[in-house]
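# Residue-level structure breakdown
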Amino acid sequence: MAAVGSGGSPASAGPGAVSAGALEPGTATAAHRRLKYISLAVLVVQNASLILSIRYARTLPGDRFFATTAVVMAEVLKGLTCLLLLFAQKRGNVKHLVLFLHEAVLVQYVDTLKLAVPSLIYTLQNNLQYVAISNLPAATFQVTYQLKILTTALFSVLMLNRSLSRLQWASLLLLFTGVAIVQAQQAGGGGPRPLDQNPGAGLAAVVASCLSSGFAGVYFEKILKGSSGSVWLRNLQLGLFGTALGLVGLWWAEGTAVAHRGFFFGYTPAVWGVVLNQAFGGLLVAVVVKYADNILKGFATSLSIVLSTVASIRLFGFHVDPLFALGAGLVIGAVYLYSLPRGAAKAIASASASTSGPCTRQQPPGQPPPSQLSSHRGDVSTEPFLPKLLTKVKGS
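Residues numbered from 1 in each chain as written. Predicted model: local features only at pLDDT ≥ 70, side-chain atom pairs only at ≥ 80, totals over all residues. Heavy atoms only, no water.

Now for the UniProt feature "transmembrane region" (unreviewed entry) in the protein. With numbering matched to this structure, UniProt assigns "transmembrane region" (unreviewed entry) to residues 37-58, 64-87, 169-188, 200-220, 232-252, 264-289, 296-317 and 323-340. Along residues 64-87 the backbone is 88% helical and 0% strand, and the end-to-end C-alpha distance reaches 37 Å. The distance from the first to the last C-alpha atom of residues 232-252 is 30 Å, and the span holds 100% helix and 0% strand. (UniProt positions renumbered as here; feature names shortened; annotations may be inferred. Helix = DSSP H or I, 4+ residues; strand = E, 2+ residues; numbered from the N terminus.)

As structure tokens, then:
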């Protein structure tokens, strides 16, 4: 979430930038480059580890934990983390924190109630992820879940009046084609699968999760841009609603079983690892993602798909056939193309046109080339993963 609030360049925020002015330009550039690649590594590990850890915890022999309790615990931990961050922002002054929360949460209750909608959707999304990962191989889920890029883009166009470049529309079509191929491979068999898996239910759950992810992310972004509230305050408010709504969902879906067996029934170190990953993973990525540009974010998503696939082969005996490899390759390529800044996309689109004739169009004097044109016009190409990032702070 820090990336949303940072108005300057990535190097202007964060602990590494405090002393950047005192360093030589080459040293500052090298430090920033290291931070970018550290951000890339964190994004790859977090994206892949959450899916793999959920899959691992849900397939362990023995008592199976209640997914609804894990969702509630993640909401509680995220809310407490944001509360501690706000406490630190108030320099440890409890009185100031209480007055601030009273004003922001209770006095401005209409503003708080606006967050009930995305919180409800995030809670539903988190529960759907458990259903999807329990019924689909981790690699298949990871590829199919990239449909959230498509839903986020569509909701951004409809709700925020953003425009997409031709390359981005083409990449979305490529993305859909790749996911369709992977699902066709899954429906055709794709190797042996456990008897308790239902690929149809898994596909329905992941599609519903992608729809909710896209809508909630764009809705949350609209709320953030229309108010001056702290990002951590917004997440605390979401955590309050998420905990309450999660408890309602727990009571409705598994209330009797939880009352009989206990809230923490089936919890193992692996389950706690899933809860901690969900609770802190998104917040951690929000802190480091400001150092990564859009292309690195696209690489991170692509590499996480590869990592999930390789790990699934080793951990779960997942079989990769040519059809899955083709579909996954199309998705990886689509993610990368969609993440390109608009200037780079225009350069790619015009490259073939410039070579088709004997002469190329000259750039007007004083105007930068297309690859350097500013794209900060509020369109989705400047931050194509922004709605995803907002969702990730609360959701997957």
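Core analysis: the largest hydrophobic core is formed by 47 residues, its most contacted members being Tyr130, Phe141 and Leu172. The element that contributes the greatest number of residues to this core is helix H14 (residues 322-339), accounting for six residues. With sequence-adjacent residues up to four places away left out, Tyr130 is seen in contact with Ile54, Arg58, Phe65, Ala67, Ala70, Val71, Val274 and Gln278. Counting residues in each nonpolar core, the second largest holds ten residues, with Cys82, Trp232, Leu236 and Leu283 among its members. (Core = buried A, V, L, I, M, F, W, Y, C linked by side-chain atoms within 4.5 Å. Buried < 20%, exposed > 50% of the residue type's maximum accessible area, 1.4 Å probe, protein only. Contact = heavy atoms within 4.5 Å.)

Proximity of charged atoms lets side chains of opposite charge pair with each other. Tallied over the full model, the rule gives two salt bridges. When the shortest N-O distance is used, the salt bridge between Glu75 and Lys78 registers 3.8 Å. Here Lys78 and Glu75 lie together in helix H3 (residues 67-89), a separation of three residues that amounts to about one turn. (Salt bridge = Lys/Arg side-chain N within 4 Å of Asp/Glu carboxyl O.)

Over its 18 residues, H14 extends 26 Å from the first C-alpha to the last, a length consistent with the 26 Å expected when each residue adds 1.5 Å. For H14, the complete set of buried residues consists of Phe324, Gly327, Ala328, Val331, Ala334, Val335, Tyr338 and Ser339. All buried residues of H14 fall inside an arc of 125° around its axis, so they share one side. (Expected span 1.5 Å × (residues − 1). Arc of directions from axis to C-beta.)

To continue, consider helix H11 (residues 231-261). Each α-helix winds once per 3.6 residues, and so residues spaced three or four apart point in a common direction. In a regular helix each residue adds 1.5 Å, so 31 residues correspond to 45 Å; H11 covers only 37 Å between its end C-alpha atoms and thus falls short of that length. Along its length, H11 reaches its greatest deviation from straightness, about 95°, at Glu254. Just past H11, the residue Gly262 takes up positive phi, approximately 105°. (Bend = angle between axes of the 7 residues up to and from the residue.)

Our next topic: unusual backbone geometry. What is expected of a backbone is that most residues other than glycine have negative phi and most peptide bonds are trans. Its identity as a non-glycine residue notwithstanding, Arg91 has a phi of 55°, on the positive side. Along the polypeptide, Arg91 turns up in the loop between H3 and helix H4 (94-107). Judged by relative accessible area, Arg91 falls into the exposed class, the value being 80%. In this structure, Asn161 is a non-glycine residue whose phi angle is positive, near 55°. Within the secondary structure, Asn161 sits in the loop between helix H8 (147-160) and helix H9 (166-187). Classification of Asn161 by relative accessible area gives exposed; the value is 69%.

This next bit is on the environment of Ile51. Here Ile51 is to be found in helix H2 (residues 25-59). Between the C-alpha atoms of Ile51 and Val274, which are 223 residues apart in sequence, the distance is 8.9 Å. Setting aside residues no more than four positions away along its own chain, Ile51 makes contact with Ile133, Ala138, Phe141 and Gln142.

Residues Tyr109, Val110 and Leu113 make up a contiguous nonpolar surface patch of about 320 Å² in total accessible area. In this structure, Val110 sits in helix H5 (residues 109-113). For Val110, a relative accessible area of 49% corresponds to the partly exposed category. (Patch = residues over 30% accessible without salt bridge, like charges linked within 9 Å, V, L, I, M, F, W, Y side chains within 5 Å. Areas by Shrake-Rupley, 256 points an atom, 1.4 Å probe, with all protein chains shown as cover.)

Before going further, it helps to spend a moment on the packing of H8 against H9. Taken N-terminus to C-terminus, the directions of H8 and H9 make an angle of 140°; their axes are 9 Å apart at the nearest point. Judged by the twist between their axes, the crossing of H8 over H9 is left-handed. When H8 is examined against H9, the residues Leu147, Ile149, Leu150, Ala153, Leu154 and Val157 are found in contact with a partner set consisting of Trp169, Leu172, Leu175, Phe176 and Val179. Within the contact of H8 with H9, the residues separate by chemical class into eleven nonpolar, no polar and no charged. (Axes fitted to C-alpha atoms, helices over the stretch in contact; angles between N-to-C directions. Left-handed = near helix turned anticlockwise from the far one by under 90°. Nonpolar A, V, L, I, M, F, W, Y, C, P; charged D, E, K, R; others polar.)

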